[in-house]
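# Structural overview for review
These are the residues of each chain, in order.
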Amino acid sequence: MPYITTSDHVKLHYEDHGQGRPLVMIHGWTFSSRFFHRNVGSFAKQYRVITLDLRGHGESGKPDHGYRIARLAADLRDLLEALEIEDATVLGWSIGSPIIWSYLELFGRHRLRSAIFVQQTPKQFFAPDWKLGHATCYDGAGLTFLQQQLVFNRSAFDRQNLSDCLSTSLPEDEKAMLLEEMAKCPSQAASLMMADHTTQDWRDVLPHLDLPCLMMIAGKDKVLPAAGPRWVAEHMPHCQAVEFENSSHMVFLDETEKFNQTVLTFMKEGAAA
């Protein structure tokens, strides 16, 4: 398996398919790059597609440190540097989106041409001026309950999480494969990452990110209301929005063909801006 080693000595697994301008894909919390198994083949016919397992996920190293959004952004930088990737479109689903926002805040547009965001709100916790957070983990008490589930009832949590993220039914073998991938993420890593992620507020950063980008918005998401990702598209200067009315959190599985075509169209047209 191909790996790169980060600046803090963690091995990160990646896969590299196809040729052409690079598309780097970042998965969501407790998942892995294999969640994009319906999508990579379509993209690799025209582009070089790199999928990354975040630290603590999939086949990547499981260290006892570094589960912060800023460190994950540095991991992305380390990947781009190690593979000498230039002019990339980077796609972040769910927690992958703030990893990209953090990268842009810390490192600017270095090595990036454009970005695709998939169903992510700019702030997960509720506040007096913000009610577009997570459906259940929207304050300190919600975070504590989630962390307890990770420790004491992990397999049931994973099954419910997968179900909540879908509006369609998966074949049993595909569901089993995805649950197996989720089990590779240690509960401690998942807990630490979510604890950092939930406290972030990107609303002040997004209006200053001026690269061409796209937000995919899921109309049936049980995890994050569609109005949160819609806010992102409305407040980034060059951000297109595409609505997926029949999708929950996993847009790329609920409406695979539309997702694939939307990415390819943006790579050809929107990312050229």
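Residues numbered from 1 in each chain as written. Predicted model: local features only at pLDDT ≥ 70, side-chain atom pairs only at ≥ 80, totals over all residues. Heavy atoms only, no water.

## Comments concerning the UniProt feature "domain: AB hydrolase-1" (unreviewed entry) in the protein chain
- Look at the UniProt record and you will see "domain: AB hydrolase-1" (unreviewed entry) annotated at residues 22–255.
- The span residues 22–255 is 39% helix and 15% strand, and its two end C-alpha atoms sit 23 Å from each other. (UniProt positions renumbered as here; feature names shortened; annotations may be inferred. Helix = DSSP H or I, 4+ residues; strand = E, 2+ residues; numbered from the N terminus.)

## Focus on the packing of aromatic side chains
- What the rule picks out here adds up to 14 aromatic pairs.
- Measuring from centroid to centroid gives 4.5 Å for phenylalanine 126 and tyrosine 138, while their planes differ by 20 degrees, and the two rings are stacked. Of this pair, phenylalanine 126 sits in the loop between strand 6 (112–118) and helix 4 (140–152) while tyrosine 138 sits in the loop between strand 6 and helix 4, and the two are 12 residues apart along the sequence.
- Phenylalanine 126 gets classed as partly exposed once you look at its relative accessible area, which sits at 32%.
- Connected via pairs of aromatic rings, a cluster forms that spans Phe31, Phe35, Phe36, Phe43, Trp93, Phe252 and Phe259.
- Positioned above the aromatic ring of phenylalanine 244, the side-chain terminus of lysine 258 is 4.7 Å from the ring centre. (Phe/Tyr/Trp six-rings, centres within 6.5 Å; stacked < 30°, edge-to-face > 60°. Buried < 20%, exposed > 50% of the residue type's maximum accessible area, 1.4 Å probe, protein only. Lys NZ or Arg CZ within 6 Å of the ring centre and 35° of its normal.)

## Looking at the side chain of threonine 6
- In this structure, threonine 6 sits in the loop between strand 1 (3–5) and strand 2 (11–17).
- Side-chain polar atoms of threonine 6 contact the side chain of aspartate 8, separated by 2.5 Å. (Polar contact = N/O pair within 3.5 Å; in protein donor to acceptor, adjacent residues only side chain to side chain.)

## Side note on the pattern of salt bridges
- Evaluation of the coordinates by the stated rule reveals 21 salt bridges.
- In this structure, the salt-bridge partner of arginine 55 is aspartate 8, at a minimum N-O distance of 2.8 Å. Of this pair, arginine 55 sits in the loop between strand 4 (48–52) and helix 2 (69–82) while aspartate 8 is found in the loop between strand 1 and strand 2, placing the two residues 47 residues apart along the sequence.
- Using a relative accessible area of 0% as the deciding quantity, one classes arginine 55 as buried.
- Classification of aspartate 8 by relative accessible area gives buried; the value is 19%.
- Where salt bridges share partners, they join Asp8, Arg55, Arg71, Asp75, Arg77 and Asp78 into one cluster. (Salt bridge = Lys/Arg side-chain N within 4 Å of Asp/Glu carboxyl O.)

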